[in-house]
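One letter stands for each residue in the lines below.
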Amino acid sequence: MLPDLYVCSSCHEQFDFKFREAYYYVGAAPAHEQIADADLLWINLRPAWCKDCECVCGVEDIAPLRAFEGAYGAARAGQPVEYPSYAKFMEPADAIRELGDQLRWRMGRRRPARALCCGGSRYQWMDVAQPLLRHAQCEYGFIEPRIYIGSGCGPGPGIYAPANIRLYDPEGELIGQLTWRKQDGSVWDIEPMRYPPPAADD
Ligand SMILES: [Zn+2]
Ligand SMILES: [Zn+2]
């Protein structure tokens, strides 16, 4: 789970996540204008500092294949699963389908984990005790996590306002964002979105 934000221990500058939730699109047809909710797959994120974007961001948390196989086996045995999907409160058939989808995705995945701000790989994990991340402008400052307990009530994103949840292809390439949720939640409107072009490297 991502902390709510990071704060420099010295100057108190705050670093927010630009987004905290993202999905793979695993449907057979090209993603165009509308996609089915059933073709979305939860992306596990770990907090990291992207050295290219100079921001805190989510990096794909991709465990070894055997973790996915184990989770799928556990779901089939009716045991609770927390990774790669939180399936504790799902109906058994839903949990088996969800973890089967995750396993299928993991078996097809080729690229190593990417920072989902820019698709890059120049990042540093922030959920490890060492090394601490020093704030570049501060002599004594370290960037530390803050966690607040919020209350998530209401009809969920995409009903009264566009959700703007990022959507990636199975290799972590940004392809769009989910905007409006339609037809009792079974369908999402999407709009195209791409990574920013890489900065000139010289
Ligand atoms: Zn600072
Ligand atoms: Zn980045």
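Coordinates for the structure precede this section.
Residues numbered from 1 in each chain as written. Chains lettered and ligands numbered in written order. Predicted model: local features only at pLDDT ≥ 70, side-chain atom pairs only at ≥ 80, totals over all residues.

1. Observations concerning the sheet that holds strand S8 (residues 123–125)
Note the threshold: Pairing between strands is defined by DSSP: at least two bridges between the two strands are required. To qualify as a helix, a DSSP run of H or I must reach at least 4 residues; to qualify as a strand, a run of E must reach at least 2; elements of each kind are numbered from the N terminus. Axis lines are fitted to C-alpha atoms, over the contacting stretch for helices. Their N-to-C directions set the angle, which ranges from 0 to 180 degrees.
Reading across the sheet, the three strands line up as S7-S6-S8 and stay open at both edges, with antiparallel pairing between neighbours. Each edge of the open sheet carries a strand with a single partner, namely strand S7 (55–60) and S8. On average, each strand axis in the sheet is tilted by 45° relative to the strand beside it, whichever way the strands run. For strand S6 (residues 45–50) and S8, the ladder comprises three bridges, and the chain directions are antiparallel. Residue pairing for S8: Trp49 is matched across the bridge by Gln124.

2. Describing the sheet that holds strand S3 (residues 22–25)
Paired through backbone hydrogen bonds, the strands of a sheet run either parallel or antiparallel to each other. Strand order in this open sheet of six strands is S4-S12-S11-S10-S3-S5, and the pairing throughout is mixed. Strand pairing shows two members of the sheet lacking a second neighbour, strand S4 (34–36) and strand S5 (40–42), which therefore form its edges. Averaged over all neighbouring strand pairs, the angle between strand axes comes to 40°, with direction disregarded. Where S3 meets strand S10 (residues 165–168), three bridges bridge the pair, whose relative direction is parallel. Bridged to Ala22 within S10 is Arg166.

3. Regarding helix H2 (residues 92–108)
An α-helix turns once every 3.6 residues. As a result, residues three or four positions apart point the same way. Put simply, the rule is: The span one expects for a helix is its residue count, reduced by one, times 1.5 Å. In this scheme the burial state of a residue depends on its C-beta neighbours within 10 Å: 20 or more other such atoms mean buried, 12 or fewer mean exposed, and anything in between means partly exposed; the C-beta positions come from the backbone. For every residue pair, C-beta atoms are placed from the backbone, and the pair is scored as a contact if these atoms sit within 7 Å.
In this model H2 runs 24 Å from its N-terminal to its C-terminal C-alpha over 17 residues, within 8% of the 24 Å that 1.5 Å per residue would give. For H2, every residue scored as buried is listed here: Ala95, Glu98, Leu99, Asp101, Gln102, Leu103 and Arg106. The secondary structure elements touched by the buried residues of H2 are S5 and helix H1 (65–76).

4. Side note on the nonpolar core
Defined as follows: Nonpolar cores are identified as sets of buried Ala, Val, Leu, Ile, Met, Phe, Trp, Tyr and Cys residues joined via C-beta atoms within 7 Å.
One finds Ala48, Cys50, Cys57, Val59, Ala115, Leu116 and Tyr168 to be the most contacted residues of the largest nonpolar core, which totals 30 residues. Of all the secondary-structure elements, those providing two or more residues to this core are strand S1 (5–8), S3, S6, S7, S10, strand S11 (174–182) and strand S12 (187–192). Once residues within four sequence positions are removed from consideration, Val59 is found in contact with Leu45, Arg46, Ala48, Ala113, Arg114, Ala115, Leu116 and Tyr123. Within the second largest apolar cluster, nine residues are counted, among which are Phe68, Tyr72, Leu99 and Leu103.

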